[in-house]
Structure formats: C-alpha cells, structure tokens
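# Reading the structure
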Amino acid sequence: MSADAHLPVLLHSAVDALAVEQRVDGTFVDATFGRGGHSRLILARLGPRGRVIAIDRDPEAVAAAREIRDPRLTAVGARFSEFQETLATLHANAVDGVLFDLGVSSPQLDDPQRGFSFRFDAPLDMRMDWTRGPSAGEWLAHAGEADIREVLSSYGEERFAKQIAKAIVAARRSRPLRTTRELAALVAATVRTRESGQDPATRAFQAVRIYVNQELEELSLALPQALAALNPRGRLAVVSFHSLEDRIVKNFMRAAARPALPERLPVRARDLPVPMLRVLGRPVRPSAEEVVANPRARSAVLRVAARLG
C-alpha cells in the first residue's frame, strides 16, 4: 500500500502541536504509525540529528514503517501499554513529543481480510495484531450473554445490547458466527430502528473491536507512561474519534494539570506543587472541508498538553 493511501485526520494540526521546529534535533514518538503520515511530516521538519520512534501493534504497519529508508526513523511493534518498556529498550527514556492517533486506521478498515468492516464478507477477526489474543469470532463463540451485553452497552453505547447479545447466543447454538456479514446481518435483523444514515451494525462492530483490542485499557495505561517520558516543555498530542476515548484523554490531561495536593492537609498557595502538565488551547476539530473529504473525520478531536517542570 502506498504512503498516500491513508491521509490521517488533522494531520498538520497534530504535527504542528508537537512544535517540532523548536527542537529540530529532538526525539519524537509516533505511537500509532499506521501508514506513516505523521512520521513523514515530523521527519520533514526534523534536523539531521533528530529522531522519530514509530510504534504500532499492527504487524502490517510496522512492516510499512521499516520500508522508510531514513536513519532517523526507528520502527517497533508494541502495544500502548508497552510504551515505557519500548523506549527503554531503545535508550530513549526522555523524549520531546508524543503523538497518539487513536482508533482503527483506513488501511485496516479497507482490507477485507482484517474483519474490521461490515462492508465486506470476511473472517470475523478485528484484531489490530492478529498474532495475539482471540479474534472477535472466537470471543463471540464463547463469551457469556451478560458479558456480550456489557461490552455492547459500555463500548458501543448500544441501546439494543440486551437483544443483540441474546440473538448472538441463540444463533451460535446451531453455528458460531464466522464472518463479518453474518454478524452484521444478525444485528440488522435484531435492531429494527437506527439513526438516519447509520448502519445498524455500526455500534456493535465498534464495541466488539474495542473490547477485542482492549483499546480503552491500553490508552489508559499508555498516557501516564507517555507523560513520564516527556522532557520539560515536551508536547503530548492525542487525536481521538469517539466519546469514550476522548473522555479518557480529557480527564487524564485535566488531572495532570492540577497540583497533586496532600489529603486533608492545608497548603498555602505559594507552596502548591507544580502540576505535571499544562493543557494548551481548546480542543481542535476538523474543518468542514476535511470532513467533506474524509467523513471519518467528523468525530475527531485533538487535545494537546505540554510537560511542566
């Protein structure tokens, strides 16, 4: 797949937020390489002694990163939760910027064999790293009805979670769900009403994908590790695509931007500890033109913060 096959949402806004030009010989982490849009733009702004560490859990993304012939780029296959361990292995414990572009990428959605999209009939996989953990189909074949209902409700905000979970368990008594079309058809037959313009299976697919990849848990583990790795005035930039992700990012940044106060002890204003982060500006959203060019951009939010101290 060519480098131009996937143009990240808020590409320039996200890279601008890292302020690469202020540290052209610094080290920056692209924690979600995808197909390299962010990494390439960072490299274009870096000096000859700068460095980009590209991380992705998807083996195809790591392979694409390793095709870039630039000695300033190091590509690593790892999960978000392995962030600090990955940097330590590369002797890069202190960095000048970290960028997360969350969710599933267009190359993953557009490859039928990955099983992320109900637009194709493909194996029900949905794993970002197909070498680790159960696939979506394997999980749905064995999970309890209550567990399926909880995942659909919590991760997909699906108001028909109970009915869908019951239908999945009933259907697998005769034959497990094996393909994306089978799951999409089951949901469509169960959900009789839906928002205008939205496929009935949208929320269910989102929920199962998030659960199978443990996306929210991985994000929650990665953010404090990224903060700990930042140099003073280093930037943290996160692009999220739905409310569950954005809530985690917003709450993390807000908490880190407040002084850590001792419980039940009075503290004078001048003795307040310095917070770890400063939130920079308001959340950035795509322009109307970008949304027209890429409908997936409509829900994107970019949040930026700088390390203090």
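In the block above lies the structure referred to throughout.
Let me begin by describing the structure that accompanies this report. In this text, all values refer to a predicted model and were calculated from it rather than measured experimentally.

### A look at the layout of surface pockets
- Considered as a void within the structure, the largest pocket measures approximately 990 Å³ in volume.
- Surrounding the largest pocket, 29 residues form its lining, Leu109, Thr202, Gln206, Arg296 and Arg298 being those nearest its centre.
- Elements supplying a minimum of two residues to the lining of the largest pocket: helix H5 (106–110), helix H10 (202–213) and helix H12 (243–256).
- Broken down by element, the residue count for the lining of the largest pocket peaks at 5 residues, all from H10.
- Considering only residue class, the lining of the largest pocket consists of 8 nonpolar, 12 polar and 9 charged.

### Points about empty space enclosed by the protein
- Applying the stated rule across the entire model yields 1 cavity of 30 Å³ or more.
- As for the largest cavity, its lining consists of 29 residues, and the residues nearest its centre are Thr32, Asp101, Leu102, Gly103 and Met128.
- Residue assignment for the lining of the largest cavity shows that the elements contributing at least two residues are strand E2 (51–56) and helix H11 (215–229).
- Per element, the largest residue contribution to the lining of the largest cavity is 4 residues, and it comes from H11.
- Its residues assigned to classes, the lining of the largest cavity comprises 12 nonpolar, 7 polar and 10 charged.

### Focus on the nonpolar core
- Ranked by internal contacts, the top residues of the largest apolar core, which has 34 residues, are Met126, Ile148, Leu152, Ile164, Ile168 and Leu183.
- Among the secondary structure elements, those contributing two or more residues to this core are helix H6 (136–142), helix H7 (145–156), helix H8 (161–172), helix H9 (180–190) and H10.
- Among the elements that make up this core, the one with the highest residue count is H10 (6 residues).
- Excluding residues within four positions of it along the chain, methionine 126 makes contact with Arg114, Gly115, Phe116, Ala136, Leu183, Phe205, Val208, Arg209 and Asn213.
- Formed by 31 residues, the second largest nonpolar core is a distinct cluster that contains Val15, Leu99, Ala237 and Ala300.

Parameters at a glance
- Residues numbered from 1 in each chain as written.
- Predicted model: local features only at pLDDT ≥ 70, side-chain atom pairs only at ≥ 80, totals over all residues.
- Heavy atoms only, no water.
- 1 Å grid on protein atoms, 1.4 Å probe; cavity = no way out; pocket = protein on both sides within 12 Å on 5 of 7 lines; lining within 4 Å.
- Points joined across faces, edges and corners; volume = space filled by probe spheres on them.
- Helix = DSSP H or I, 4+ residues; strand = E, 2+ residues; numbered from the N terminus.
- Nonpolar A, V, L, I, M, F, W, Y, C, P; charged D, E, K, R; others polar.
- Core = buried A, V, L, I, M, F, W, Y, C linked by side-chain atoms within 4.5 Å.
- Buried < 20%, exposed > 50% of the residue type's maximum accessible area, 1.4 Å probe, protein only.
- Contact = heavy atoms within 4.5 Å.

By themselves these figures say nothing about function.
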